[in-house]
Amino acid sequence: MKKITFKFSATTIIILSMMASCSEKYTSEVKEGITIVTNEDGATLGYSTESGVAIIAQDRYAFKDLNKNGSLDSYEDWRLPVTERAKDLASKMSLEDIAGLMLYSSHQSIPSGSRGYGSSVYNGKPFDESGAASSDLSDGQKKFLTDDHLRHVLITSVESPAVAAQWNNNAQAFAESLYLGIPVNTSSDPRHGSDSYAEFNAGAGGAISMWPGTLGIAASFDPELMKQFGEIGSVEYRALGITTALSPQIDLATEPRWSRFDGTMGEDPDLTTDLARAYVDGFQSSDGGDWGTQSVNAMIKHWPGGGPEEGGRDGHFGYGAYAVYPGKNIKDHLQPFTEGAFKLNGPTKMASAVMPYYTISDGEGEAVGNGFNKYLLTDVLRGEYGYEGVICTDWGITNDVKAVDKFEGKSWGVETMTIAERHYKAIAAGVDQFGGNNDMGPVIEAYNMGVAEHGAEVMRTRFETSAVRLLTNIFRVGLFENPYLDVTETSKIVGNSEFMKAGFNAQLKSIVMLKNQKNTLPIKDKKKVYIPQRYVAPSTNWWGMTSEEKMVDPYNLEVVAKYFDVVSTPEEADFALVGIYSPDGGVGYNRTDLEKGGNGYVPINLQYGDYTATTAREVSLAGGSPLEDFTNRSYKGKSVKTINTTDMQLVNETKKKMGNKPVIVSVKVSKPMVFSEIEKSASSILIHMGVQDQALIEIITGAAEPSALLPFQMPADMLTVEAQFEDVPRDMQPYIDSEGNSYDFAYGLNWNGVIADERVKAYK
C-alpha cells in the first residue's frame, strides 16, 4: 500500500485543533482535588481526583464512570429518567450493597465526641488525642461506609459550616472510590432553632439562620411563611451537604401532655395540613420548582400520627408504647399526610420519605409498633393512599429493651423476637430502611429468612424494590452528578444576613400576646426595668446526662439594656420583666412508685402546683407489655409535682414586690399549660416557642406588633385535661382570663385587641 503524507500549515493545524475542541460539549477544571465538569445544556459533574473515577465522553457530553468499567451504564447517564437509572443500578447491586443501602446511620457529630453517646475514634484514638482534622472521617464512619455498605448518614452537631462542607467532600470522595460509586445521602433533624441570647442586627450572620420551631411558625397561621422557611432551610442544608431532612413532624398534637408537642404544628388538622404541604414544597422544590440541586428530600413523621399517646406518655419508652383513639378519630391524624404532604402544590408531588412512629396504634391492625404493622404500612399507606416513597423506621426499633423506662431499643409489640426477626417482620410489613442501624448483618439474616419462606427470586425482587425507592431519592437531588461543595461558598451561604433577617422576622410573627391589661404594652420610653433571676432545678435527660441547679438571668441583659435601663431592685423599677418556662410536670412514669408496689404510672402535670389525678381513668385503654406483669396502666388517685414550680412563685412574688407597677411575663411554652396560677399577677403575657430575647423586646417596645395566634388550646384546669380524648383536637374547656378573654385555638391580641382577621375566619 502506498503511503500518503499530508502536510499542514500552522494555520491549518490551529483550525483543526479548534474543530476538535468544538466537538466536545463540556469543559473541566480542578479545584482542591475536585474535578468539576460542566456540560453545555446538561449536568454539572464533580468527582475526586483520587477516587479512580474517570470521564466517559459520549455524544460529545461527559459522564462519570462511577463503577470504573470503561463504558457508560444507564445509571451513569444523567440524560435518562431517574427511575430508569435507579432500576439499572439496583439490578447491578449485590445483596450486601442493597442491605447497606437499607441502613440509616446512628447519630454522627462532626467531629465525633471522644466519649459518651455517639463517640468514635480516629486511627484508634479519641479525636482530641488523634491529631485528626475536624472534617476527617472517623474510624466508625469508614467502617460502616466500607464493611456495611451504608450510604445514609445522620449528622447532628457540626463544628462549623466550613467543617461540615469539608467533611461532606471527604465522605463523598471516600464513597466514590468504592465499587459502584454510590454517594452519601446526609440527613439532619431540625437544626434552625434560635439562640435566645444571640443579638440580631442588619449585618448579622451565624452558624445557620435562626427561626422559631415549627410550632412557633404555626402560630403565624401563615403557610407562605412556612414555605419560605423551607426554601431558605433547603439552601442552607445543601450548602452543608445535607440532602434529606428528617422533618417535618406533622403529628397532630391532640394530646396536650405529650413531650413532643413542641415539635408539631399544633392540634388543628386543617392548619397542620396546609403548613405541612408548604414545608415540604419549600424543602423539595428547587429553583425551577421541580427536583434539583437545591432540593432536599423531606422525611415526614410520624405515620399514622404520633400525637394521641395515652396519658401523654412518649413512645421513646415502653411506658408510652400506645397511641389510643377513644374518640375513634384516626382520620384527623392521617389528614396532614394524605391531604398535605402527599398532595403538594409543587411538581415534586409528595414527600419523598415517611417515618412511622414507635407507638402501637391501638386497634389499628396487629398490636405491634407502627414500623412492624403491615396493615398501616402496606394496606393503608401504600394501598389506600398510593404512597410510592421510602418508608424508614424511627431510630432503634429493632434493638433489644430490658425495661419500660430504659432509653434503649423501641421494639414495642415484638420485644420477644430476635433482632434479625424484627428486621424481617419490618421488611414484610413494607419498610425500606432501618433508622439508627449501622450493621447490615441483621438485614442479610432477614433476607435469608425470606428466602427460606418465599424463595430467592421473591426476596431479590423485594430488596430491589426498596433499593429503587432509596436510590431515586439520591438521584433526583443530583448527588450522582456532583455531591461536592465549595467550602468557601458554604461559609457565605449558611447563616448569611439575609437568611438571618428572614428568620428574625418569623420570630416576631410567632410571639403570641395573650394579655395586655390597660394597654400596658407597648412600652416605648426607655424606662427602668427589674428582671428577677430564674431558678433552674437539677435535671437528667433521656441520655442520662445531668445538669446542676443554678440561678440564671432569663434574658440577655446586654440586649435589654439597649432598650431599657436595667435596675437591680423592684423599688427602682418602672416595670418588671419576668421570663419563665411552661410547667415541666414529668413524663408519666416513676420508678419509685413501682418500687413501692404501684404500677409505676403517674400523671403528667400541666400546672405548676401539685396535682392529684382524682378524675383519671380507672382502667387504662391500652397495656400488655411483656416487660410488665399487668395490663392496667391507670394512675388514678396518684399525685405528682412539677419540676419548675418556682416559675409560678417567681411571677407571684414579683407581683407582690412591684405593687401596682406593671409585671410583664414571657413564657417559653413547650406544650399547653394551666394559666390560672399566674395570670392575675401579670399585666401582660407573651408566649413563644423559642425566639431570640431581642424579638421579645421588639414586641414589648412596639418596634413590632404582635400578630400570632394560639395553634392550640390552653386548658382551664387539669380536670379538662383528664376529660379530653387523646385523639380529638380542640376538645378542652379553654382558660378564661381576668380580662374575659378565652385562651382558645386561634386566639391572640394585637395593639387593638382580640385579632379577628382572615386567618381566624379560615381556621377557627
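Since the model is a prediction, treat every value here as computed from it, not as a measurement. (Residues numbered from 1 in each chain as written. Predicted model: local features only at pLDDT ≥ 70, side-chain atom pairs only at ≥ 80, totals over all residues. Heavy atoms only, no water.)

S.K.: What is the right way to read the overall build of the chain from this model?
M.R.: Assigned secondary structure in the chain consists of 22 helices and 32 strands. Projected onto its principal axes, the C-alpha coordinates of the chain cover approximately 115 × 65 × 55 Å. Here the analysis covers contacts within the chain between residues at least 6 apart in sequence; of these, 72% occur between residues at least 24 apart. Accessible area of the chain: about 29700 Å², with a carbon and sulfur share of 50%. With 70 positive and 100 negative side-chain charges, the chain shows a separation of 2 Å between the mean positions of the two kinds. (Helix = DSSP H or I, 4+ residues; strand = E, 2+ residues; numbered from the N terminus. Contact = heavy atoms within 4.5 Å. Areas by Shrake-Rupley, 256 points an atom, 1.4 Å probe, with all protein chains shown as cover. Lys, Arg positive; Asp, Glu negative; His and termini not counted. Charge placed at Lys NZ, Arg CZ, Asp CG, Glu CD.)

S.K.: Please explain the sheet that holds strand β12 (residues 242-245) as it appears in this structure.
M.R.: The strands that make up a sheet pair up through hydrogen bonds in the backbone, lying either parallel or antiparallel. Sheet architecture is open: seven strands sit in the order β7-β10-β11-β12-β13-β15-β17, paired in parallel fashion. Strands at the two margins of the open sheet, each flanked by one partner only, are β7 (107-110) and β17 (390-391). Sheet analysis places β7 next to strand β10 (residues 152-158), joined by three bridges and oriented parallel. Residue Ile-110 lies in a different strand from β10, and its bridge partner there is Val-158. (Pairing = 2+ DSSP bridges.)

S.K.: Help me understand the sheet that holds strand β1 (residues 26-31), please; the structure alone is not making it clear to me.
M.R.: With antiparallel pairing, three strands are arranged side by side in an open sheet as β1-β2-β3. Because the sheet does not close on itself, it has two edges, and the strands there are β1 and β3 (44-48). When the angles between neighbouring strand axes are averaged without regard to direction, this sheet yields 20 degrees. Pairing between β1 and strand β2 (residues 34-39): six bridges, direction antiparallel. Residue Tyr-26 lies in a different strand from β2, and its bridge partner there is Asn-39. (Axes fitted to C-alpha atoms, helices over the stretch in contact; angles between N-to-C directions.)

S.K.: Explain helix α6 (residues 161-176) to me, please; I cannot follow it from the model alone.
M.R.: Given 3.6 residues per helical turn, the α-helix brings residues three or four places apart onto the same face. Here α6 spans 22 Å end to end across 16 residues, near enough to the 22 Å set by a 1.5 Å rise per residue. Extensive coverage of α6 is indicated by the burial of 12 of its 16 residues. Every buried residue belonging to α6 is among Pro-161, Val-163, Ala-164, Ala-165, Trp-167, Asn-168, Asn-169, Ala-171, Gln-172, Ala-173, Ala-175 and Glu-176, and all of these are buried. (Expected span 1.5 Å × (residues − 1). Buried < 20%, exposed > 50% of the residue type's maximum accessible area, 1.4 Å probe, protein only.)

S.K.: Honestly, unusual backbone geometry in this entry has me stumped. Any pointers?
M.R.: Negative phi characterises most residues that are not glycine, and trans characterises most peptide bonds. Here Ser-247 and Pro-248 are connected by a cis peptide whose omega angle stands at 5 degrees. Here Pro-248 lies in the loop between β12 and α9 (269-284). The linkage connecting Leu-521 with the following residue, Pro-522, adopts the cis geometry, with an omega of 5 degrees. If you trace the backbone, Pro-522 turns up in the loop between β19 (512-516) and β20 (528-530). The phi angle at Asp-41 is positive, at roughly 55 degrees, despite the residue not being glycine. By secondary structure assignment, the location of Asp-41 is in the loop between β2 and β3.

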